[in-house]
Amino acid sequence: MLTTHLDSLDAPALRALLQSGGAQSVNTKLDDGRLPLHHAIENGSAADSAAALEIVRCLLDFDADPTSLDEDGQGTALHVVAGSLAREPGFALPCLRLLLDWMPTPLDLDTLLDAEGNTPMAVAVQQGKQLGAGDPATQQAAEDAVVSGVKTLLSHGSGLLQYAPAAKRGKK
């Protein structure tokens, strides 16, 4: 039932379900192995951004953890949204800001590593490197979102490292 409300972008129904206790915890993996917050961000990228942001906000209201790794340890919600900056700038940038504003401070963003040792900043920078040819207006929006995303991460304490130092990745 939780997945149905996430997919339909029905924030009022999702909120009612969570308030009634009729759904699993927002930090429990769904049947597909993803966390609800990851699911909402991935689906929000292809949907109505205002409704998708309300779903993300609702999950955060019920204590979804933006720092939890997904099913395969591939990344946190911040990694997922940073990876969408160039592709879905109208959703990803406000979602990134929402997640960061919701997170506890101080939080060392450079300790949030995906399976490859990338920080959310590294994922955002990679988005900038992947920008290619296309419609000039779309390209400009994507570039602006990546630059704004990097600035937003910096303003929340992220370092400029593309990858976490080997010591933080557990390597010598």
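Residues numbered from 1 in each chain as written. Predicted model: local features only at pLDDT ≥ 70, side-chain atom pairs only at ≥ 80, totals over all residues. Heavy atoms only, no water.

**Student:** Just checking my understanding: could you explain helix α7 (residues 120-129) for this structure?
**Tutor:** Those residues of α7 that fall on the buried side of the exposure criterion are P120, M121, A122, V123, A124 and Q127. Those residues of α7 that are buried are in contact with α5 (77-82) and α8 (136-155). (Buried < 20%, exposed > 50% of the residue type's maximum accessible area, 1.4 Å probe, protein only. Helix = DSSP H or I, 4+ residues; strand = E, 2+ residues; numbered from the N terminus. Contact = heavy atoms within 4.5 Å.)

**Student:** It is not clear to me how helix α4 (residues 49-61) should be interpreted in this structure. Could you clarify?
**Tutor:** Relative to the 18 Å expected for 13 residues at 1.5 Å per residue, α4 spans 18 Å between its end C-alpha atoms, a close match to the ideal helical length. Along α4, the residues that are buried comprise A51, A52, L53, I55, V56, C58, L59 and L60. Buried residues belonging to α4 abut α1 (2-8), α2 (11-20), α3 (36-44) and α6 (89-102). Count one or two residues on from α4 and you reach D63, which has phi positive near 70°. (Expected span 1.5 Å × (residues − 1).)

**Student:** Just checking my understanding: could you explain the environment of L99 for this structure?
**Tutor:** Along the chain, the position of L99 falls in helix α6. A C-alpha to C-alpha distance of 8.1 Å links L99 and A77, two positions 22 residues apart in sequence. Ignoring anything within four residues of it in the chain, the contact list for L99 reads L37, I41, V56, L60, P66, A77, L78 and V81.

**Student:** Explain the layout of surface pockets here, please?
**Tutor:** Remark: the empty space left among the atoms is shown by a probe the size of a water molecule rolled over them. Of the pockets and cavities examined, the largest pocket occupies roughly 260 Å³. The wall of the largest pocket is formed by 14 residues, among which Q74, D114, E116, N118 and V123 lie closest to the centre. Of all the elements in the fold, those that place two or more residues in the lining of the largest pocket are α5 and α7. Here the element with the most residues in the lining of the largest pocket is α7; it accounts for 3 residues. (1 Å grid on protein atoms, 1.4 Å probe; cavity = no way out; pocket = protein on both sides within 12 Å on 5 of 7 lines; lining within 4 Å. Points joined across faces, edges and corners; volume = space filled by probe spheres on them.)

**Student:** How should the nonpolar core be read in this particular structure?
**Tutor:** The nonpolar side chains of a soluble globular protein tend to be buried, and buried together. By size, the foremost hydrophobic cluster in this structure holds 46 residues, and its most contacted members are L37, I41, V56, L59 and L99. If you list the elements that add at least two residues to this core, you get α1, α2, α3, α4, α5, α6, α7 and α8. Residues contacting V56, with those up to four places away along its chain left out, are L37, A40, I41, F91, C95, L98 and L99. (Core = buried A, V, L, I, M, F, W, Y, C linked by side-chain atoms within 4.5 Å.)

**Student:** So what exactly am I meant to see when it comes to the pattern of salt bridges here?
**Tutor:** Side chains bearing opposite charge may pair, as long as their charged atoms lie close to each other. If you walk through the whole model with that rule in mind, you get 4 salt bridges. Across the pair D32 and R34 runs a salt bridge whose closest N-O atoms are separated by 2.9 Å. D32 gets classed as partly exposed once you look at its relative accessible area, which sits at 41%. The class for R34 is buried, based on a relative accessible area of 16%. Among the salt bridges present, the one from R57 reaches E54, with a minimum N-O distance of 2.5 Å. Of this pair, R57 and E54 both sit in helix α4, 3 residues apart, which is roughly one turn of the helix. Take E54: its relative accessible area is 33%, and that puts it in the partly exposed class. Residues joined in a network through salt bridges with shared partners are D32, R34 and E42. (Salt bridge = Lys/Arg side-chain N within 4 Å of Asp/Glu carboxyl O.)

**Student:** When you look at the environment of I55 in this model, what are you seeing that I'm missing?
**Tutor:** Within the secondary structure, I55 sits in helix α4. Overall, the relative accessible area of 1% leaves I55 in the buried class. As a C-alpha pair, I55 and A13 span 42 residues in sequence and 10.0 Å in three-dimensional space. Leave out the neighbours within four places in its chain, and I55 touches H5, L6, L9, D10, A11, L14 and A40.

**Student:** Even after reading the chapter, I still don't get the packing of α6 against α8, so can you show me in this structure?
**Tutor:** Packed helices, taken two at a time, are described by the angle between their axes plus the distance between the axes. For the pair α6 and α8, interaxial distance at closest approach is 9 Å and the crossing angle is 5°. With respect to their mutual orientation, α6 and α8 come out roughly parallel. In contact with P89, L93, L96, R97 and L100 of α6, α8 contributes A141, A142, A145, S148, G149, T152 and L153. Considering only residue class, the contact of α6 with α8 consists of 8 nonpolar, 3 polar and 1 charged. (Axes fitted to C-alpha atoms, helices over the stretch in contact; angles between N-to-C directions. Parallel < 35°, antiparallel > 145°, perpendicular 65-115°, else oblique. Nonpolar A, V, L, I, M, F, W, Y, C, P; charged D, E, K, R; others polar.)

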